[in-house]
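# Tertiary structure, described
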Amino acid sequence: PPHVLSSKPHPRAADLELLRRLVQAETKRRLQDFLIESFQRVGQKTASRFLKFIAFDPDQRIATLTRNELSRISVALRKFDGFESPESKSLSPIGEHEFLDGVRSVFNTSSLYYTYRGPSEWQGNPFIIEGIIASGDDFPRSDIPTLYRFANRVPLLYDSNEDVLTKITKRFNWKRYNVNPSSPVSLFIHLCSTRIPYKAAGKQSIGTVPEIEAEVLSLLRELGRLFSKTAKRREQTQRDGRKMREFSKSFKQMVKFSTELAEYHEDPAT
């Protein structure tokens, strides 16, 4: 079951609009107290270092902050590197067994592998990427695996060409991992995050975020390595099978010729 989501945002996730909303609810507090009470994983030392970083008085009252000062704080929250990583307990990935069982229940597969990346973060938002590479006769044969996309357990059915997952999959070097036009292979990728960077209001495609893109590439490399090992074993098994068939034919011919030769020597007429 999913964990309870923390009610506090991470400071790196606080844009100017969110900061204004938080300030309106806490106008009487000191600035340092406001930071501690409003954001996750911000204590006295972290708040003090941040305010020193932007040269603000810790005792300044929230009500006195000007629009320009709020803008400065908002920009600094994203640039300051002294904040701890955001909490990831709120994330609820599908998980290896559930994800594999889900794919098996829908498709006939000959092999499938699971891996994941994270927790990582983008702009203060924690995320986990998990994926499966599967092969089987139910999948179309192509030089690029068929991609099935999910965001927070919801399948994304439209606008696939605009999705960063699709773009990365298309430009990935699959030949290096023994995926060729005769390979019936599919990918299942799930992005789990406290905030999904959708490209449009329709929420059917994921926008380009460098941190997410880097983790997806790492995920595809690992899935590719797992698939490549299976493909190499399958090729070796096929080669061994061909060798055994050729040996069997040769052995039968040897037996036939040996029998004929033995009968020839035993013939009294010879």
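See the structure above.
Residues numbered from 1 in each chain as written. Predicted model: local features only at pLDDT ≥ 70, side-chain atom pairs only at ≥ 80, totals over all residues. Heavy atoms only, no water.

Here the focus is the nonpolar core. The biggest cluster of nonpolar side chains holds 26 residues, and the ones touching the most others in it are Ile129, Ile206, Ile212 and Leu220. Put simply, the parts of the chain that give this core at least two residues each are β2 (125-135), α6 (164-171), β5 (185-193) and α7 (210-266). Counting residues per element, this core draws most heavily on α7, which supplies six residues. Every residue in contact with Ile206, bar those within four places of it in the chain, is listed here: Ala151, Leu156, Glu162, Asp163, Val164, Leu165, Leu191, Ile196, Pro197, Tyr198 and Lys199. (Core = buried A, V, L, I, M, F, W, Y, C linked by side-chain atoms within 4.5 Å. Buried < 20%, exposed > 50% of the residue type's maximum accessible area, 1.4 Å probe, protein only. Helix = DSSP H or I, 4+ residues; strand = E, 2+ residues; numbered from the N terminus. Contact = heavy atoms within 4.5 Å.)

Attention now moves to helix α3 (residues 44-53). For α3, the full list of buried residues reads Thr46, Ala47, Phe50 and Leu51. Down the axis, α3 shows its buried residues gathered within 130° of arc, on one side only. Pointing more than 90 degrees away from the buried face of α3 are the exposed residues Lys45 and Lys52. Its buried side turned inward, α3 meets α2 (31-38) and α4 (67-79). Looking at the residues trailing α3, positive phi occurs at Ala55, about 60°. (Arc of directions from axis to C-beta.)

With that settled, consider the packing of helix α1 (residues 16-25) against α4. It is at 9 Å that the axes of α1 and α4 come closest, and there the two elements cross at 120°. Classified by the angle their axes make, α1 and α4 are oblique. The handedness of the crossing between α1 and α4 is right-handed. Here Leu16, Leu19, Arg20 and Val23 of α1 lie close against α4, whose contacting residues are Arg67, Leu70, Ser71, Ile73, Ser74 and Leu77. Per-class residue counts for the contact of α1 with α4 are six nonpolar, two polar and two charged. (Axes fitted to C-alpha atoms, helices over the stretch in contact; angles between N-to-C directions. Parallel < 35°, antiparallel > 145°, perpendicular 65-115°, else oblique. Left-handed = near helix turned anticlockwise from the far one by under 90°. Nonpolar A, V, L, I, M, F, W, Y, C, P; charged D, E, K, R; others polar.)

The next point concerns the environment of Ser160. Mapped onto the fold, Ser160 is located in the loop between β4 (154-156) and α6. Using a relative accessible area of 32% as the deciding quantity, one classes Ser160 as partly exposed. As a C-alpha pair, Ser160 and Leu147 span 13 residues in sequence and 9.0 Å in three-dimensional space. Those residues within four positions of Ser160 in sequence are excluded, and the remaining contacts are Arg149 and Thr166.

Note that Ser183 resides in the loop between α6 and β5. Sequence-distant contacts of Ser183, defined by excluding residues within four places in its chain, comprise Pro140, Arg141, Ser142 and Asn178.

This brings us to α1. Residues lying three or four places apart along an α-helix face the same way, a consequence of the helix completing one turn every 3.6 residues. Among all positions in α1, only Leu18, Leu19, Leu22 and Val23 are buried. Each buried residue of α1 lies within a common arc of 135° when the element is viewed along its axis, so the set occupies one face. Exposed side chains of α1 directed beyond 90 degrees from the buried face belong to Glu17, Gln24 and Ala25. As for α1, its buried residues are in contact with α2 and α4.

Moving on, we come to the pairing of β2. Most of β2 sits inside the fold, with 11 of its 11 residues counted as buried. The two faces of β2 match: Asn125, Phe127, Ile129, Gly131, Ile133 and Ser135 on one face and Pro126, Ile128, Glu130, Ile132 and Ala134 on the other face are all buried. Here strand β1 (residues 111-122) hands over to β2 after two residues, with Gln123 in that stretch at a positive phi of 50°. Both β2 and β5 contribute to a ladder of nine bridges, which runs antiparallel. The partner of Ser135 across the bridge, within β5, is Val185. (Pairing = 2+ DSSP bridges.)

Relative to the elements of secondary structure, Tyr114 occurs in strand β1. For Tyr114, a relative accessible area of 16% corresponds to the buried category. As for Tyr114 and Ile132, which are separated by 18 residues in sequence, their C-alpha atoms are 4.5 Å apart. Sequence-distant contacts of Tyr114, defined by excluding residues within four places in its chain, comprise Gly95, Glu96, Phe99, Leu100, Glu130, Gly131, Ile132, Leu223 and Leu226. At 2.7 Å, the side chain of Tyr114 forms a polar contact with the side chain of Glu130. (Polar contact = N/O pair within 3.5 Å; in protein donor to acceptor, adjacent residues only side chain to side chain.)

This next bit is on the sheet that holds strand β3 (residues 146-151). Strand order in this open sheet of five strands is β1-β2-β5-β3-β4, and the pairing throughout is mixed. Edge strands, defined here as strands with exactly one partner in the open sheet, are β1 and β4. Across the sheet, the mean angle separating the axes of adjacent strands is 20° when strand polarity is ignored. Along the sheet, helix α5 (residues 96-106) makes contact with β1, β2 and β5, crossing β1 at roughly 135°. Sitting on the sheet, α6 is in contact with β3 and β5, with an inclination near 150° to β3.

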